[in-house]
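Overview (structure and organization)
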Amino acid sequence: MSSRLEWLGSLSLEEAEAQLLTCNASRSWARKMVANRPYADESNLIAAAVTGVTELAWIDIEEALSAHPRIGERTAAKHQSEQEAKWSADEQSGASDADAQVKADLAAGNVAYEDHFGHVFLIRAAGRSAAEMLEELQIRLGNSVPDEQLVVRRELADITGLRIRKLLDCQ
């Protein structure tokens, strides 16, 4: 077992949950992750994190979404920790380099998406340009609610896996 994984295993229930909540703000998800410790290796931890997202009730997904800012916004989301805010800013760096028109289109698209689906537009922003995110937003606006919920769940699982890696890299 790596020392990074030993670190997570050595934390109290409350401390481990607080650390995991920086990766995914669903308390249900974090509690399950803590309860299933220890993990054999980092790959098993990441796989459990991703699988855990796919098993969440939609209300738990909505709780996780509350910690994600709009794409292209610099301000932290309402329930976002300082660590999450830093990670979000890094992940969304592609949006900050966009020209004024793409930024305006993203802002308008965010509002249209929220009006249509009732929650923030979620996308794994890491490695994507603002134009790519805008194109995906425009495509997803045409989704049905059930189809979009599947996409959101997949994006949240991807983000959660990335953030688990970042959490371990901090140790």
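Here the structure is shown first, and the text comes after it.
Read on for an overview of the structure. (Residues numbered from 1 in each chain as written. Predicted model: local features only at pLDDT ≥ 70, side-chain atom pairs only at ≥ 80, totals over all residues. Heavy atoms only, no water.)

1. Considerations on the packing of aromatic side chains
Two aromatic rings are characterised by how far apart their centres lie and by the angle between their planes. Overall, the coordinates contain 2 aromatic pairs when judged by the stated rule. With a centroid separation of 4.7 Å and an interplanar angle of 45°, the aromatic rings of Tyr-113 and Phe-117 are classed as tilted. Here the residue Tyr-113 and the residue Phe-117 both occupy positions in helix H8 (residues 100-117), the gap between them amounting to 4 residues, near one helical turn. The burial state of Tyr-113 is the same as that of Phe-117; both residues are buried. Taking 5.2 Å as the distance between ring centres and 70° as the angle between the ring planes, the aromatic pair formed by Tyr-113 and Phe-121 counts as edge-to-face. Taking the relative accessible area as the measure of exposure, Tyr-113 reaches 0% and is therefore buried. Taken together, the ring pairs connect Tyr-113, Phe-117 and Phe-121 into an aromatic cluster. (Phe/Tyr/Trp six-rings, centres within 6.5 Å; stacked < 30°, edge-to-face > 60°. Helix = DSSP H or I, 4+ residues; strand = E, 2+ residues; numbered from the N terminus. Buried < 20%, exposed > 50% of the residue type's maximum accessible area, 1.4 Å probe, protein only.)

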